[in-house]
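# Close look at the chain arrangement
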Amino acid sequence: MTAPWTAAVLRDAIARGELTPARAAADALDRARAAKAGREELNILLYQDDHDTRRQADAVADRVADGGRVPLAGVPVVVKDNIATTVMPTSCGSRILEGYVSPYQATAVRRLRDAGAVIVAKSNMDEFAMGSSTEHSAYGPARNPLAPDRVPGGSSGGSAAAVAAGIVPIALGSETGGSVRQPAAFCGVVGVKPTYGRVSRYGLVAFASSLDQIGVFGGTVDDAALGLHAIAGLDPRDATSAAEPVPDYRAAAAGAMTGVVIGKPKEYFPEDLDPRIRERCDAALDALRRLGAEVRDVSLPHTRLAIEVYYIIAPAEASSNLARFDGVRYGLRIEGDGLRGMYEATRSRGFGDEVTRRILLGTYVLSAGYYDAYYRKAQQARALIARDFADAFRSGVHVLFTPTTPTPAFPIGAKSDPYDMYLSDIFTCTANLAGVPAMSLPIGRVDGLPIGGQFIASHFDERQMFAAAYALERALGSEAHR
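Residues numbered from 1 in each chain as written. Predicted model: local features only at pLDDT ≥ 70, side-chain atom pairs only at ≥ 80, totals over all residues. Heavy atoms only, no water.

## Section: the pairing of strand β10 (residues 438-446)
Basically, it comes down to this: Exposed residues in this analysis have more than 50% of their type's maximum accessible area, buried residues have under 20%, and partly exposed residues fall in between, with area computed by a 1.4 Å probe over protein chains only. Helix and strand labels come from DSSP, where a helix needs a run of H or I of at least four residues and a strand needs a run of E of at least two; each type is numbered from the N terminus. Paired strands, in this sense, are two strands between which DSSP finds at least two bridges.
Across the 9 residues that make up β10, a large majority, 8, are buried. Across 8 bridges, the pairing between β10 and strand β11 (residues 449-457) is antiparallel. By the bridge assignment for β11, methionine 439 is matched with phenylalanine 455. Counting the residues between successive antiparallel strands, the hairpin from β10 to β11 contains 2 residues, one of them, aspartate 447, with a positive phi of roughly 55 degrees.

## Description of the pattern of salt bridges
For the record, the criterion: Note on definitions: salt bridges are taken to be side-chain nitrogens of Lys or Arg within 4 Å of carboxyl oxygens of Asp or Glu.
Under the criterion given, the structure shown has 26 salt bridges. Taking the shortest distance from any N to any O, the salt bridge between arginine 55 and aspartate 52 comes out at 2.5 Å. Highlighted residues: arginine 55 and aspartate 52, both in helix α3 (residues 50-65), separated by 3 residues, approximately one helical turn. Owing to a relative accessible area of 42%, arginine 55 belongs among the partly exposed residues under this scheme. With a relative accessible area of 6%, aspartate 52 lands in the buried category.

## Some points on helix α10 (residues 338-350)
The condition is simple: In this scheme, a helix's expected span is set at 1.5 Å multiplied by one less than its residue total. Arc, as used here, means the arc of the directions from the helix axis to the C-beta atoms.
The terminal C-alpha atoms of α10, which comprises 13 residues, lie 18 Å apart, in line with the 18 Å expected from a rise of 1.5 Å per residue. Those residues of α10 that fall on the buried side of the exposure criterion are Gly341, Met342, Thr346 and Gly350. The buried side chains of α10 occupy one side of the element, clustering within an arc of 140 degrees when seen end-on. Opposite the packed face of α10, turned more than 90 degrees from it, sit the exposed residues Arg340 and Ser348.

## Some thoughts on the packing of aromatic side chains
How we decide: Classification of ring pairs rests on two measures: the distance between centres of Phe, Tyr or Trp rings, Trp counted by its six-membered ring, which must be within 6.5 Å, and the angle between planes, read as stacked under 30 degrees, edge-to-face over 60 and tilted in between.
Within this structure, the stated rule accounts for 16 aromatic pairs. Summarising the aromatic geometry, the rings of phenylalanine 128 and phenylalanine 325 are spaced 4.9 Å apart at their centres and angled 50 degrees between planes, so their arrangement reads as tilted. With phenylalanine 128 in the loop between β3 (118-123) and α5 (157-164) and phenylalanine 325 in the loop between α9 (306-321) and α10, this residue pair connects regions lying 197 residues apart in the sequence. With a relative accessible area of 4%, phenylalanine 325 lands in the buried category. A centroid spacing of 4.7 Å and a plane angle of 85 degrees characterise the contact between tyrosine 310 and tyrosine 311, whose relative ring orientation is edge-to-face.

## Examining the pairing of β3
Spelled out, the test is: Call a crossover right-handed when, viewed with both strands pointing away from you, the route from the first strand across the helix to the second goes clockwise.
With 6 of 6 residues buried, β3 lies mostly within the body of the structure. Sheet topology places strand β1 (residues 45-47) next to β3; 2 bridges connect them, and they run antiparallel. When the sheet's bridge partners are listed, tyrosine 47 is paired in β3 with lysine 122. The pairing of strand β2 (residues 76-80) with β3 spans 5 bridges and is classified as parallel. Across the sheet, valine 79 pairs through a bridge with lysine 122, a residue of β3. Taken together, β2, helix α4 (residues 107-114) and β3 constitute a β-α-β crossover, and its handedness is right-handed.

The structure is reproduced here in structure tokens:
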């Protein structure tokens, strides 16, 4: 479905005076209302402020009239509900922050607005970004616009679905273990996770600080490139942001594949991989070969440890980060018997089952007697996973290609076993553990449902990743959506 305009076409139409920012914003809001009025309530957006949207659009119109450089002039954007905004609430999909409005905005949001984008809504998500289906939202599950009986993926499912439903051409999500790329694959859109440190985390509510990143969804590779370029770069408010120059990702569209070496990690193509997904991946690699790329088999031997490592490190950091939500300073407060009773009542009422499960797991692995056995050992294994990627890129491989997910989108309610749900991230969480950039783009359909192919590049080499993605998107054309 995707938006009727790409971000670049929309921006250029506004610059030429063929369309006003107010009209573009109104059209996006109309599409958002249409998504709510369909036979199935998609439940992909949590908050809108039409008055503020019009105010933003009018301000952009003034900037365009003044002749200023406005790279995203009038482009409507949706922002995930765990990224701070100063008008609409930032509730993280949780009752414990219901109605909370941040006193400051995230750097990524500020940079989008500086570029002329218009923030039109906040999107539904798994509570505190803990989930792979957007079924764990306190405000009800989101639905996949391409198949409303199925999940849109998670935890950034609302943002992916907003792009897939055609509401906006660009949306912001967040990643801890694949929460941009996995829903991008399920919804048939493009999702980018940059290098850790490429985009400021200031204003992103923390889940697991050493893994969390803000990422970008786009209806096309070009949409995602525009969005990432707008938000990337050093931020003095975030000590983990990197002082690396930000290249023009759109310039990568002109890059040739001749001489590019693409690694095919054998661990991501196991014998039990759905043969239809394998076939689509092989077709994508064949298309890249025809463009002059060399495809080389490689091994990332410690990939087998990734899920276990991730589900030790991420809950451990979450148990620490979420300790601040105690009813004392902000958010939900339920009175109890004394201070301890208030803590227990507030957190028991405010957190859902999945968040509670991960806090308990994280607290356990950090406890005395278990820290060395679990958390320290997981960090050692994480270093081995990162070394696998470094060895692959040192061997002459420019970019890796894998499936994004082992299955297409699954039906709502189909995965009741938490571990079965966690396996949805089996091909994505390694990039978060290693801190390398990765992206998913559509490569075809299985039983009418989209599937994604994933590119992974070396640290801060997003440009090479985009070059491969632009080339593959052009090569597949309409095949990517059939």
